[in-house]
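# Inside the fold
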Amino acid sequence: MLVDQIAMEPGGMPVPITSLVEFQIRFVGQQVHAGFPSPADDFIETSVDLNQVLIQNSTATFLWRVAGDCMIDCKIFPGDVVIVDRSLVPRHRSIVLAIIDNAPTLKRVKRMGSRMVLHNENATLPAFTVTEGTDVSIWGVVTATIRDLSK
Amino acid sequence: MTAFALSDGNSFYCSCERVFDPKLEKRPVIVLSNNDGCAVARTSEAKALGIKMGQPYFQIKDLCRQEGVVALSSNYALYGDMSRRMNVVYNRFSPETEVYSIDETFLDVEHVPRKDRTAWASELRATTCQWTGIPTCVGIGPTKTLAKLANKAAKTLATGVLDLTDPDEQARVMADFPIGDVWGIGRANQAKLLALDIQFAGQLRDMEPKKARGIMTVVGEKIVHELNGRSCMDLESVAPQRQGCAVTRSFGQRVTSRIEMEQAVAGYATRLGEKLRRHGLATDYVTVFMHTSPFNDDEPQRNVSMTVDIPEATNDTMQLIKAARRAVEGLWKSGYRYSKAGIVTQDLVPPGLAQRSLFDGLDHDRAAKVMAAMDEANRRWGRATVVPAAVGIASRSPFTTKFEMRSPRYTTRWDELPVCR
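Calculation notes
Residues numbered from 1 in each chain as written. Chains lettered and ligands numbered in written order. Predicted model: local features only at pLDDT ≥ 70, side-chain atom pairs only at ≥ 80, totals over all residues. Heavy atoms only, no water. UniProt positions renumbered as here; feature names shortened; annotations may be inferred. Helix = DSSP H or I, 4+ residues; strand = E, 2+ residues; numbered from the N terminus. Buried < 20%, exposed > 50% of the residue type's maximum accessible area, 1.4 Å probe, protein only. Salt bridge = Lys/Arg side-chain N within 4 Å of Asp/Glu carboxyl O. Contact = heavy atoms within 4.5 Å.

With an unreviewed UniProt entry as reference, chain B is termed DNA-directed DNA polymerase, source organism Devosia oryziradicis. The annotation that UniProt attaches to chain B under Subunit (unreviewed entry) is "Monomer." Regarding chain B, the UniProt comment filed under Sequence similarities (unreviewed entry) reads as follows: "Belongs to the DNA polymerase type-Y family."

An unreviewed UniProt entry annotates chain A as Translesion error-prone DNA polymerase V autoproteolytic subunit originating from Devosia oryziradicis.

Once that is clear, we can look at the UniProt feature "domain: UmuC" (unreviewed entry) in chain B. UniProt's entry tags residues 4-186 of chain B with the feature "domain: UmuC" (unreviewed entry), counted in the numbering of this structure. Span residues 4-186 of chain B is 43% helix and 19% strand, its end C-alpha atoms 22 Å apart.

This part is about unusual backbone geometry. A positive phi angle is found at Lys75(A), which is not glycine, with a value near 65°. Topologically, Lys75(A) is positioned in the loop between strand E1 (61-66) and strand E2 (81-85). By relative accessible area, Lys75(A) is classed as exposed at 57%. Not every positive phi belongs to a glycine, and Asp197(B) is a case in point at roughly 65°. Looking at the secondary structure, you find Asp197(B) in the loop between helix H8 (187-195) and helix H9 (201-205). A relative accessible area of 47% means that Asp197(B) is categorised as partly exposed.

All names here are of chain A. Counted under the stated rule, the structure contains 20 salt bridges over all chains. Glu121 is paired through a salt bridge with Arg108; the nearest N and O atoms lie 2.7 Å apart. Of this pair, Glu121 sits in the loop between strand E5 (115-119) and strand E6 (136-146) while Arg108 sits in strand E4 (residues 103-112), and the two are 13 residues apart along the sequence. Exposure remark for Glu121: the relative accessible area of 15% places this residue in the buried category. A residue is classified by how much of its surface remains accessible, and Arg108, at 10% relative accessible area, is buried.

Time to look at the environment of Gly180(B). All names here are of chain B. In this fold, Gly180 is placed in the loop between helix H7 (167-174) and H8. Spatially, the C-alpha atoms of Gly180 and Gln190 are 5.4 Å apart, while their sequence positions differ by ten residues. Filtering out sequence-adjacent residues up to four positions away, Gly180 remains in contact with Ile185 and Gln190.

All names here are of chain A. By secondary structure assignment, the location of Ile76 is in the loop between E1 and E2. The class for Ile76 is buried, based on a relative accessible area of 3%. A C-alpha to C-alpha distance of 7.3 Å links Ile76 and Thr145, two positions 69 residues apart in sequence. For Ile76, the residues in contact, after removing those within four places along its chain, are Val66, Met71, Val82, Ile95, Leu106, Thr145 and Arg147.

Given below as C-alpha coordinates:
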(Lines give C-alpha, C1' and ligand atoms only; values in the text may rest on other atoms or scores of the structure.)
Protein backbone atom coordinates (compact mmCIF):
# COMPACT_ATOMS: atom_id res chain seq x y z
CA MET A 1 0.00 0.00 0.00
CA LEU A 2 1.30 3.43 -0.86
CA VAL A 3 2.04 5.75 1.98
CA ASP A 4 -0.08 8.59 0.62
CA GLN A 5 -3.13 6.37 0.51
CA ILE A 6 -3.05 6.01 4.25
CA ALA A 7 -2.00 9.31 5.67
CA MET A 8 -4.87 11.47 6.92
CA GLU A 9 -7.61 9.82 4.89
CA PRO A 10 -9.48 12.81 3.43
CA GLY A 11 -13.18 13.35 3.70
CA GLY A 12 -13.33 12.29 7.32
CA MET A 13 -13.29 8.56 6.71
CA PRO A 14 -13.47 6.52 9.92
CA VAL A 15 -10.14 5.03 10.81
CA PRO A 16 -9.75 3.07 14.04
CA ILE A 17 -6.88 4.35 16.09
CA THR A 18 -4.97 1.08 15.87
CA SER A 19 -4.81 1.26 12.11
CA LEU A 20 -4.45 4.94 11.61
CA VAL A 21 -0.74 5.19 11.81
CA GLU A 22 0.41 1.94 10.39
CA PHE A 23 2.00 1.58 7.02
CA GLN A 24 4.02 -1.13 5.49
CA ILE A 25 7.08 -0.91 3.39
CA ARG A 26 7.07 -3.69 0.83
CA PHE A 27 10.41 -5.16 0.05
CA VAL A 28 10.98 -6.00 -3.56
CA GLY A 29 11.98 -9.52 -2.64
CA GLN A 30 8.44 -10.38 -1.54
CA GLN A 31 7.04 -9.71 -4.97
CA VAL A 32 9.50 -11.60 -7.09
CA HIS A 33 7.87 -14.83 -8.13
CA ALA A 34 10.40 -16.21 -10.59
CA GLY A 35 14.03 -15.96 -11.49
CA PHE A 36 16.88 -16.12 -9.03
CA PRO A 37 16.11 -15.68 -5.31
CA SER A 38 16.36 -12.12 -4.07
CA PRO A 39 19.42 -11.45 -1.96
CA ALA A 40 17.19 -9.19 0.19
CA ASP A 41 14.95 -12.06 1.36
CA ASP A 42 17.33 -13.02 4.13
CA PHE A 43 17.15 -9.51 5.58
CA ILE A 44 13.40 -8.96 5.74
CA GLU A 45 12.26 -7.77 9.13
CA THR A 46 8.85 -6.67 10.38
CA SER A 47 7.51 -3.51 8.78
CA VAL A 48 8.06 -0.07 10.19
CA ASP A 49 5.02 0.83 12.28
CA LEU A 50 4.21 4.42 13.21
CA ASN A 51 2.41 3.15 16.31
CA GLN A 52 5.81 2.28 17.72
CA VAL A 53 6.93 5.89 17.77
CA LEU A 54 3.63 7.73 18.20
CA ILE A 55 1.66 5.57 20.62
CA GLN A 56 3.03 3.79 23.67
CA ASN A 57 -0.29 2.77 25.20
CA SER A 58 -3.09 2.62 22.66
CA THR A 59 -5.71 1.72 25.29
CA ALA A 60 -5.15 5.03 27.06
CA THR A 61 -4.47 7.12 23.93
CA PHE A 62 -6.98 9.50 22.35
CA LEU A 63 -6.82 12.05 19.55
CA TRP A 64 -7.99 15.65 19.90
CA ARG A 65 -8.34 18.34 17.27
CA VAL A 66 -6.71 21.68 18.13
CA ALA A 67 -8.82 24.80 17.58
CA GLY A 68 -6.87 27.44 19.51
CA ASP A 69 -3.55 29.23 19.14
CA CYS A 70 -2.31 29.22 22.75
CA MET A 71 0.53 26.80 21.92
CA ILE A 72 1.81 28.14 18.60
CA ASP A 73 5.26 28.96 20.02
CA CYS A 74 5.85 25.24 20.53
CA LYS A 75 4.51 24.51 17.07
CA ILE A 76 1.03 23.28 17.88
CA PHE A 77 -1.27 25.09 15.43
CA PRO A 78 -5.03 25.25 14.91
CA GLY A 79 -6.13 22.29 12.82
CA ASP A 80 -3.45 19.97 14.18
CA VAL A 81 -4.35 16.68 15.80
CA VAL A 82 -2.69 16.00 19.13
CA ILE A 83 -2.06 12.51 20.48
CA VAL A 84 -2.94 12.40 24.18
CA ASP A 85 -1.94 9.60 26.54
CA ARG A 86 -3.99 9.42 29.75
CA SER A 87 -1.71 6.87 31.40
CA LEU A 88 1.28 9.22 31.66
CA VAL A 89 1.97 11.36 34.71
CA PRO A 90 2.71 14.98 33.76
CA ARG A 91 6.23 16.10 34.58
CA HIS A 92 8.12 19.38 34.39
CA ARG A 93 7.74 20.77 30.83
CA SER A 94 5.09 18.24 29.78
CA ILE A 95 2.44 19.56 27.42
CA VAL A 96 -0.94 18.54 28.76
CA LEU A 97 -4.58 18.63 27.85
CA ALA A 98 -6.05 20.43 30.86
CA ILE A 99 -9.70 20.93 31.70
CA ILE A 100 -9.99 24.49 32.97
CA ASP A 101 -13.46 25.53 34.12
CA ASN A 102 -14.94 22.73 32.00
CA ALA A 103 -13.07 23.80 28.85
CA PRO A 104 -10.43 21.50 27.33
CA THR A 105 -7.25 23.40 26.52
CA LEU A 106 -3.55 22.75 25.91
CA LYS A 107 -0.98 24.06 28.40
CA ARG A 108 2.69 23.60 29.32
CA VAL A 109 3.32 22.32 32.84
CA LYS A 110 6.19 23.91 34.74
CA ARG A 111 7.41 23.20 38.21
CA MET A 112 7.75 26.31 40.35
CA GLY A 113 9.29 25.15 43.61
CA SER A 114 6.86 22.63 45.01
CA ARG A 115 3.96 23.74 42.81
CA MET A 116 3.06 22.85 39.24
CA VAL A 117 1.85 25.76 37.11
CA LEU A 118 0.32 25.88 33.64
CA HIS A 119 1.53 28.15 30.84
CA ASN A 120 0.45 29.21 27.39
CA GLU A 121 3.11 29.01 24.68
CA ASN A 122 2.16 32.13 22.76
CA ALA A 123 4.12 35.33 23.36
CA THR A 124 1.28 37.46 21.99
CA LEU A 125 -1.19 36.20 24.58
CA PRO A 126 -1.38 37.48 28.15
CA ALA A 127 0.17 35.12 30.69
CA PHE A 128 -2.20 32.41 31.80
CA THR A 129 -2.90 32.44 35.50
CA VAL A 130 -5.00 30.16 37.60
CA THR A 131 -7.03 32.27 39.98
CA GLU A 132 -8.70 31.28 43.21
CA GLY A 133 -11.74 29.15 42.51
CA THR A 134 -10.64 28.05 39.04
CA ASP A 135 -11.42 24.39 38.47
CA VAL A 136 -8.39 22.66 36.95
CA SER A 137 -7.73 19.03 36.16
CA ILE A 138 -5.27 17.25 33.86
CA TRP A 139 -6.98 15.05 31.23
CA GLY A 140 -3.83 13.58 29.71
CA VAL A 141 -0.33 14.20 28.46
CA VAL A 142 0.29 15.26 24.85
CA THR A 143 2.92 13.00 23.29
CA ALA A 144 2.89 14.07 19.63
CA THR A 145 1.10 16.08 16.99
CA ILE A 146 -0.09 15.17 13.51
CA ARG A 147 -0.21 17.94 10.92
CA ASP A 148 -1.40 17.66 7.36
CA LEU A 149 1.18 19.66 5.41
CA SER A 150 -0.75 19.43 2.16
CA LYS A 151 -3.47 21.77 3.36
CA MET B 1 -11.78 -21.79 46.27
CA THR B 2 -13.17 -19.89 43.34
CA ALA B 3 -13.45 -16.12 43.43
CA PHE B 4 -14.93 -13.66 41.00
CA ALA B 5 -14.88 -9.90 40.64
CA LEU B 6 -17.50 -7.94 38.77
CA SER B 7 -16.47 -4.53 37.47
CA ASP B 8 -18.99 -2.21 35.86
CA GLY B 9 -18.99 1.36 34.60
CA ASN B 10 -21.04 3.82 36.64
CA SER B 11 -23.86 5.26 34.50
CA PHE B 12 -21.73 3.90 31.69
CA TYR B 13 -23.17 5.63 28.62
CA CYS B 14 -23.33 8.98 30.46
CA SER B 15 -19.78 8.53 31.73
CA CYS B 16 -18.54 7.94 28.16
CA GLU B 17 -20.11 11.25 27.16
CA ARG B 18 -18.53 13.07 30.09
CA VAL B 19 -15.02 11.91 29.23
CA PHE B 20 -15.04 14.09 26.10
CA ASP B 21 -17.40 16.85 27.15
CA PRO B 22 -16.38 18.27 30.53
CA LYS B 23 -19.37 20.62 30.50
CA LEU B 24 -21.51 17.59 31.36
CA GLU B 25 -19.67 17.15 34.65
CA LYS B 26 -21.95 17.54 37.70
CA ARG B 27 -24.95 18.16 35.43
CA PRO B 28 -27.91 15.77 35.11
CA VAL B 29 -27.38 13.74 31.94
CA ILE B 30 -29.48 11.01 30.35
CA VAL B 31 -28.87 8.86 27.28
CA LEU B 32 -31.87 7.77 25.21
CA SER B 33 -32.55 4.45 23.51
CA ASN B 34 -32.81 3.96 19.73
CA ASN B 35 -35.06 6.56 18.12
CA ASP B 36 -34.76 8.62 21.29
CA GLY B 37 -37.54 6.53 22.80
CA CYS B 38 -36.72 6.33 26.49
CA ALA B 39 -33.97 6.94 29.05
CA VAL B 40 -31.53 4.01 29.18
CA ALA B 41 -28.74 5.65 31.23
CA ARG B 42 -28.90 8.31 33.92
CA THR B 43 -26.32 10.10 36.00
CA SER B 44 -26.92 10.31 39.75
CA GLU B 45 -28.04 13.94 39.25
CA ALA B 46 -30.71 12.77 36.78
CA LYS B 47 -31.82 9.98 39.13
CA ALA B 48 -32.19 12.56 41.87
CA LEU B 49 -34.69 14.43 39.68
CA GLY B 50 -36.85 11.32 39.69
CA ILE B 51 -36.12 10.19 36.13
CA LYS B 52 -36.68 6.43 35.99
CA MET B 53 -34.83 3.79 34.02
CA GLY B 54 -36.72 3.16 30.78
CA GLN B 55 -39.00 6.17 31.21
CA PRO B 56 -40.33 7.39 27.82
CA TYR B 57 -38.65 10.61 26.73
CA PHE B 58 -41.91 12.38 25.86
CA GLN B 59 -42.97 12.03 29.51
CA ILE B 60 -39.88 13.82 30.83
CA LYS B 61 -39.20 16.30 28.03
CA ASP B 62 -40.64 19.22 30.01
CA LEU B 63 -38.82 18.23 33.17
CA CYS B 64 -35.56 18.04 31.21
CA ARG B 65 -36.10 21.56 29.85
CA GLN B 66 -36.95 23.02 33.25
CA GLU B 67 -34.11 21.34 35.13
CA GLY B 68 -31.44 21.66 32.44
CA VAL B 69 -31.10 17.91 31.95
CA VAL B 70 -28.84 17.11 29.00
CA ALA B 71 -30.58 14.40 26.93
CA LEU B 72 -28.40 12.64 24.36
CA SER B 73 -29.11 10.07 21.67
CA SER B 74 -27.23 6.78 21.93
CA ASN B 75 -23.69 6.89 20.53
CA TYR B 76 -22.89 3.20 20.26
CA ALA B 77 -19.70 3.73 18.25
CA LEU B 78 -18.31 5.64 21.24
CA TYR B 79 -19.65 3.29 23.94
CA GLY B 80 -18.36 0.23 22.10
CA ASP B 81 -14.87 1.68 21.81
CA MET B 82 -14.76 2.75 25.47
CA SER B 83 -16.00 -0.71 26.52
CA ARG B 84 -13.23 -2.33 24.49
CA ARG B 85 -10.64 -0.10 26.18
CA MET B 86 -11.95 -0.96 29.65
CA ASN B 87 -11.67 -4.64 28.88
CA VAL B 88 -8.08 -4.25 27.72
CA VAL B 89 -7.32 -2.72 31.12
CA TYR B 90 -9.12 -5.61 32.87
CA ASN B 91 -7.03 -8.15 30.99
CA ARG B 92 -3.91 -6.73 32.59
CA PHE B 93 -5.35 -7.49 36.01
CA SER B 94 -6.73 -10.96 35.49
CA PRO B 95 -5.77 -13.90 33.28
CA GLU B 96 -9.40 -14.71 32.58
CA THR B 97 -12.34 -12.42 32.04
CA GLU B 98 -15.89 -12.74 30.79
CA VAL B 99 -17.49 -9.74 29.13
CA TYR B 100 -21.02 -9.94 30.46
CA SER B 101 -22.43 -6.80 28.86
CA ILE B 102 -21.16 -3.58 27.30
CA ASP B 103 -20.34 -2.20 30.77
CA GLU B 104 -20.00 -5.29 32.98
CA THR B 105 -17.16 -7.81 33.07
CA PHE B 106 -16.48 -10.73 35.39
CA LEU B 107 -12.82 -11.27 36.29
CA ASP B 108 -11.17 -14.35 37.76
CA VAL B 109 -9.47 -13.28 41.03
CA GLU B 110 -8.29 -16.63 42.37
CA HIS B 111 -4.71 -15.61 41.64
CA VAL B 112 -4.97 -12.72 44.13
CA PRO B 113 -4.36 -13.61 47.80
CA ARG B 114 -7.47 -13.00 49.89
CA LYS B 115 -5.99 -10.23 52.00
CA ASP B 116 -4.88 -8.31 48.90
CA ARG B 117 -8.19 -8.36 47.04
CA THR B 118 -9.51 -5.00 48.17
CA ALA B 119 -6.22 -3.33 47.23
CA TRP B 120 -6.24 -5.20 43.90
CA ALA B 121 -9.76 -3.99 43.16
CA SER B 122 -8.90 -0.40 44.10
CA GLU B 123 -5.93 -0.53 41.75
CA LEU B 124 -8.14 -1.95 38.98
CA ARG B 125 -10.61 0.84 39.52
CA ALA B 126 -7.96 3.58 39.62
CA THR B 127 -6.25 2.35 36.47
CA THR B 128 -9.53 2.02 34.56
CA CYS B 129 -10.45 5.58 35.51
CA GLN B 130 -6.98 6.97 34.74
CA TRP B 131 -6.68 5.30 31.32
CA THR B 132 -10.24 5.57 30.06
CA GLY B 133 -11.87 8.24 32.23
CA ILE B 134 -14.70 5.88 33.17
CA PRO B 135 -15.51 5.53 36.90
CA THR B 136 -16.36 1.98 37.94
CA CYS B 137 -17.40 -0.09 40.95
CA VAL B 138 -15.93 -3.51 41.77
CA GLY B 139 -17.58 -6.30 43.76
CA ILE B 140 -15.81 -9.51 44.78
CA GLY B 141 -17.30 -12.80 45.94
CA PRO B 142 -16.83 -16.58 45.89
CA THR B 143 -19.65 -16.93 43.34
CA LYS B 144 -20.82 -14.81 40.44
CA THR B 145 -24.10 -14.08 42.24
CA LEU B 146 -22.23 -12.81 45.31
CA ALA B 147 -19.81 -10.79 43.14
CA LYS B 148 -22.81 -9.17 41.48
CA LEU B 149 -24.39 -8.52 44.87
CA ALA B 150 -21.12 -7.05 46.19
CA ASN B 151 -20.92 -4.82 43.12
CA LYS B 152 -24.41 -3.48 43.74
CA ALA B 153 -23.61 -2.83 47.39
CA ALA B 154 -20.30 -1.17 46.43
CA LYS B 155 -22.26 1.51 44.54
CA THR B 156 -23.20 3.13 47.84
CA LEU B 157 -19.62 3.14 49.16
CA ALA B 158 -17.20 6.01 48.63
CA THR B 159 -14.42 3.52 47.90
CA GLY B 160 -16.46 1.87 45.12
CA VAL B 161 -15.03 -1.51 46.13
CA LEU B 162 -16.53 -4.32 48.23
CA ASP B 163 -15.00 -7.73 48.93
CA LEU B 164 -17.57 -10.29 50.08
CA THR B 165 -15.16 -13.22 50.33
CA ASP B 166 -15.72 -13.35 54.09
CA PRO B 167 -18.95 -15.14 55.20
CA ASP B 168 -19.56 -12.67 58.06
CA GLU B 169 -19.35 -9.77 55.61
CA GLN B 170 -21.73 -11.61 53.27
CA ALA B 171 -24.24 -12.09 56.08
CA ARG B 172 -24.04 -8.43 57.10
CA VAL B 173 -24.73 -7.17 53.56
CA MET B 174 -27.37 -9.77 52.73
CA ALA B 175 -29.38 -9.02 55.88
CA ASP B 176 -31.01 -5.97 54.29
CA PHE B 177 -30.24 -6.50 50.59
CA PRO B 178 -33.57 -6.30 48.70
CA ILE B 179 -34.57 -9.62 47.12
CA GLY B 180 -35.49 -7.93 43.84
CA ASP B 181 -31.90 -6.75 43.41
CA VAL B 182 -30.45 -10.27 43.56
CA TRP B 183 -29.03 -11.35 40.19
CA GLY B 184 -31.47 -13.61 38.36
CA ILE B 185 -34.57 -12.73 40.38
CA GLY B 186 -37.00 -11.34 37.86
CA ARG B 187 -40.13 -9.38 38.60
CA ALA B 188 -42.35 -12.49 38.67
CA ASN B 189 -40.07 -14.34 41.10
CA GLN B 190 -39.75 -11.25 43.26
CA ALA B 191 -43.54 -11.16 43.63
CA LYS B 192 -43.65 -14.87 44.55
CA LEU B 193 -40.94 -14.47 47.17
CA LEU B 194 -42.46 -11.32 48.67
CA ALA B 195 -45.75 -13.22 48.97
CA LEU B 196 -43.84 -15.68 51.18
CA ASP B 197 -42.43 -12.73 53.16
CA ILE B 198 -38.94 -13.34 51.75
CA GLN B 199 -37.74 -9.75 51.48
CA PHE B 200 -33.98 -9.90 51.76
CA ALA B 201 -31.15 -11.86 50.16
CA GLY B 202 -30.26 -13.36 53.57
CA GLN B 203 -33.68 -15.01 53.82
CA LEU B 204 -33.35 -16.52 50.35
CA ARG B 205 -29.88 -17.82 51.25
CA ASP B 206 -31.41 -19.74 54.16
CA MET B 207 -34.18 -21.30 52.08
CA GLU B 208 -34.11 -25.02 51.33
CA PRO B 209 -32.70 -25.35 47.77
CA LYS B 210 -35.50 -27.82 46.94
CA LYS B 211 -38.10 -25.30 48.02
CA ALA B 212 -36.47 -22.59 45.90
CA ARG B 213 -36.60 -24.99 42.98
CA GLY B 214 -40.32 -25.45 43.54
CA ILE B 215 -40.87 -21.70 43.41
CA MET B 216 -38.41 -20.64 40.73
CA THR B 217 -37.37 -23.83 38.87
CA VAL B 218 -33.73 -24.86 38.69
CA VAL B 219 -32.60 -21.23 38.43
CA GLY B 220 -33.91 -20.57 41.96
CA GLU B 221 -32.03 -23.57 43.32
CA LYS B 222 -28.81 -22.31 41.71
CA ILE B 223 -29.29 -18.86 43.20
CA VAL B 224 -29.64 -20.32 46.72
CA HIS B 225 -26.45 -22.36 46.28
CA GLU B 226 -24.61 -19.33 44.94
CA LEU B 227 -25.78 -17.13 47.83
CA ASN B 228 -24.32 -19.80 50.13
CA GLY B 229 -20.96 -19.45 48.45
CA ARG B 230 -21.20 -22.62 46.35
CA SER B 231 -20.31 -21.64 42.81
CA CYS B 232 -22.65 -23.05 40.15
CA MET B 233 -21.67 -20.75 37.30
CA ASP B 234 -18.24 -20.75 35.73
CA LEU B 235 -16.56 -17.97 33.90
CA GLU B 236 -17.60 -18.12 30.28
CA SER B 237 -14.55 -16.56 28.76
CA VAL B 238 -15.77 -17.58 25.34
CA ALA B 239 -19.24 -16.29 24.62
CA PRO B 240 -21.70 -19.19 24.32
CA GLN B 241 -22.76 -19.93 20.80
CA ARG B 242 -25.66 -17.76 19.86
CA GLN B 243 -28.94 -19.60 19.69
CA GLY B 244 -30.90 -16.87 18.01
CA CYS B 245 -30.54 -13.48 16.50
CA ALA B 246 -32.94 -10.60 16.03
CA VAL B 247 -32.96 -7.17 14.43
CA THR B 248 -36.00 -5.15 15.41
CA ARG B 249 -36.57 -1.44 15.49
CA SER B 250 -39.28 1.12 16.02
CA PHE B 251 -39.73 3.41 13.03
CA GLY B 252 -38.78 7.08 13.35
CA GLN B 253 -42.07 7.87 11.60
CA ARG B 254 -45.02 5.56 10.99
CA VAL B 255 -44.71 3.44 7.87
CA THR B 256 -47.79 3.43 5.64
CA SER B 257 -46.53 2.31 2.22
CA ARG B 258 -45.44 -1.12 1.16
CA ILE B 259 -42.25 0.06 -0.52
CA GLU B 260 -41.12 1.69 2.73
CA MET B 261 -41.83 -1.50 4.63
CA GLU B 262 -39.93 -3.60 2.10
CA GLN B 263 -36.94 -1.31 2.33
CA ALA B 264 -37.03 -1.29 6.11
CA VAL B 265 -37.19 -5.06 6.36
CA ALA B 266 -34.48 -5.42 3.71
CA GLY B 267 -32.34 -3.16 5.91
CA TYR B 268 -32.91 -5.41 8.93
CA ALA B 269 -32.11 -8.49 6.85
CA THR B 270 -28.87 -6.79 5.82
CA ARG B 271 -27.98 -6.17 9.43
CA LEU B 272 -28.93 -9.73 10.34
CA GLY B 273 -26.58 -11.02 7.64
CA GLU B 274 -23.74 -8.92 9.09
CA LYS B 275 -24.38 -10.29 12.58
CA LEU B 276 -24.52 -13.89 11.37
CA ARG B 277 -21.29 -13.56 9.40
CA ARG B 278 -19.52 -11.92 12.31
CA HIS B 279 -20.37 -14.93 14.49
CA GLY B 280 -19.76 -17.45 11.71
CA LEU B 281 -23.33 -18.70 11.81
CA ALA B 282 -26.14 -19.30 9.36
CA THR B 283 -29.89 -19.81 9.42
CA ASP B 284 -32.43 -21.57 7.23
CA TYR B 285 -35.48 -19.49 8.01
CA VAL B 286 -36.45 -15.96 8.96
CA THR B 287 -39.48 -14.71 10.81
CA VAL B 288 -40.65 -11.22 9.95
CA PHE B 289 -43.11 -9.31 12.11
CA MET B 290 -44.75 -5.91 11.86
CA HIS B 291 -47.20 -4.10 14.07
CA THR B 292 -48.94 -0.80 14.71
CA SER B 293 -48.47 1.18 17.92
CA PRO B 294 -50.45 -0.27 20.84
CA PHE B 295 -50.40 3.21 22.40
CA ASN B 296 -52.54 4.71 19.63
CA ASP B 297 -55.67 2.74 20.46
CA ASP B 298 -57.93 5.05 18.44
CA GLU B 299 -56.23 3.77 15.27
CA PRO B 300 -56.83 0.40 13.57
CA GLN B 301 -54.48 -2.15 15.10
CA ARG B 302 -52.55 -4.93 13.41
CA ASN B 303 -49.88 -7.30 14.69
CA VAL B 304 -48.72 -10.04 12.33
CA SER B 305 -45.75 -12.25 11.64
CA MET B 306 -44.69 -14.83 9.07
CA THR B 307 -41.89 -17.36 8.81
CA VAL B 308 -40.25 -18.06 5.47
CA ASP B 309 -37.98 -21.06 4.96
CA ILE B 310 -34.72 -20.76 3.07
CA PRO B 311 -33.78 -23.94 1.15
CA GLU B 312 -30.50 -24.24 3.01
CA ALA B 313 -28.81 -22.47 5.88
CA THR B 314 -27.08 -19.30 4.73
CA ASN B 315 -25.72 -15.99 5.93
CA ASP B 316 -25.80 -14.42 2.49
CA THR B 317 -27.55 -11.08 2.80
CA MET B 318 -29.13 -11.42 -0.64
CA GLN B 319 -30.79 -14.70 0.33
CA LEU B 320 -31.98 -13.26 3.64
CA ILE B 321 -33.45 -10.22 1.86
CA LYS B 322 -35.22 -12.46 -0.64
CA ALA B 323 -36.84 -14.44 2.16
CA ALA B 324 -37.68 -11.30 4.13
CA ARG B 325 -39.36 -9.70 1.12
CA ARG B 326 -41.47 -12.79 0.58
CA ALA B 327 -42.65 -12.43 4.16
CA VAL B 328 -43.55 -8.76 3.64
CA GLU B 329 -45.41 -9.74 0.48
CA GLY B 330 -47.46 -12.22 2.48
CA LEU B 331 -48.06 -9.93 5.44
CA TRP B 332 -48.62 -6.53 3.90
CA LYS B 333 -52.00 -4.87 4.22
CA SER B 334 -52.55 -1.16 3.55
CA GLY B 335 -54.55 1.20 5.73
CA TYR B 336 -52.47 0.81 8.87
CA ARG B 337 -49.82 3.03 10.37
CA TYR B 338 -47.05 0.57 11.26
CA SER B 339 -44.80 1.58 14.14
CA LYS B 340 -42.38 -1.33 14.31
CA ALA B 341 -41.06 -4.27 12.34
CA GLY B 342 -38.35 -6.80 12.82
CA ILE B 343 -36.70 -9.97 11.68
CA VAL B 344 -35.92 -12.90 13.99
CA THR B 345 -34.24 -16.27 13.59
CA GLN B 346 -33.55 -19.19 15.92
CA ASP B 347 -31.56 -22.46 15.80
CA LEU B 348 -28.49 -20.90 14.24
CA VAL B 349 -25.88 -23.29 12.87
CA PRO B 350 -22.35 -22.93 11.59
CA PRO B 351 -22.61 -22.77 7.78
CA GLY B 352 -20.48 -25.90 7.35
CA LEU B 353 -22.93 -28.04 9.34
CA ALA B 354 -25.91 -26.89 7.36
CA GLN B 355 -27.63 -29.47 5.29
CA ARG B 356 -27.18 -28.89 1.57
CA SER B 357 -30.41 -28.77 -0.33
CA LEU B 358 -30.92 -31.31 -3.06
CA PHE B 359 -31.50 -28.87 -5.89
CA ASP B 360 -29.40 -26.04 -4.66
CA GLY B 361 -28.80 -23.37 -7.19
CA LEU B 362 -26.82 -21.07 -4.96
CA ASP B 363 -23.30 -20.11 -5.86
CA HIS B 364 -21.78 -20.19 -2.37
CA ASP B 365 -18.26 -19.13 -3.15
CA ARG B 366 -19.33 -16.16 -5.18
CA ALA B 367 -21.84 -15.06 -2.53
CA ALA B 368 -19.24 -15.42 0.22
CA LYS B 369 -16.80 -13.23 -1.71
CA VAL B 370 -19.38 -10.53 -2.32
CA MET B 371 -20.41 -10.55 1.36
CA ALA B 372 -16.79 -10.41 2.55
CA ALA B 373 -16.14 -7.43 0.29
CA MET B 374 -19.28 -5.67 1.51
CA ASP B 375 -18.42 -6.29 5.18
CA GLU B 376 -14.88 -5.03 4.66
CA ALA B 377 -16.09 -1.84 2.96
CA ASN B 378 -18.60 -1.19 5.73
CA ARG B 379 -16.06 -1.91 8.43
CA ARG B 380 -13.56 0.48 6.84
CA TRP B 381 -15.75 3.38 5.84
CA GLY B 382 -18.63 3.09 8.26
CA ARG B 383 -21.83 1.12 8.42
CA ALA B 384 -24.08 1.24 5.34
CA THR B 385 -21.39 2.55 2.99
CA VAL B 386 -22.35 -0.35 0.73
CA VAL B 387 -25.92 -1.65 0.95
CA PRO B 388 -28.05 -3.84 -1.28
CA ALA B 389 -30.30 -1.72 -3.53
CA ALA B 390 -33.35 -3.31 -1.89
CA VAL B 391 -32.63 -1.25 1.21
CA GLY B 392 -33.27 2.02 -0.64
CA ILE B 393 -31.58 5.35 -0.16
CA ALA B 394 -30.92 5.59 3.55
CA SER B 395 -31.02 9.36 3.95
CA ARG B 396 -34.57 9.56 2.63
CA SER B 397 -35.89 6.53 4.43
CA PRO B 398 -38.34 6.96 7.29
CA PHE B 399 -36.97 3.89 9.07
CA THR B 400 -33.51 5.31 9.56
CA THR B 401 -32.95 5.37 13.26
CA LYS B 402 -33.29 8.82 14.77
CA PHE B 403 -30.18 10.09 16.52
CA GLU B 404 -31.04 13.74 16.67
CA MET B 405 -29.08 14.54 19.80
CA ARG B 406 -26.11 12.29 19.29
CA SER B 407 -22.70 13.51 20.41
CA PRO B 408 -19.70 13.18 18.07
CA ARG B 409 -18.17 9.73 17.57
CA TYR B 410 -15.05 11.06 19.31
CA THR B 411 -12.87 7.95 19.04
CA THR B 412 -13.76 6.39 15.70
CA ARG B 413 -14.11 9.25 13.19
CA TRP B 414 -11.44 11.67 12.01
CA ASP B 415 -13.99 14.39 11.40
CA GLU B 416 -15.62 14.01 14.82
CA LEU B 417 -12.58 14.17 17.12
CA PRO B 418 -13.06 16.11 20.35
CA VAL B 419 -11.83 19.70 20.09
CA CYS B 420 -9.55 21.59 22.48
CA ARG B 421 -8.34 25.16 22.54
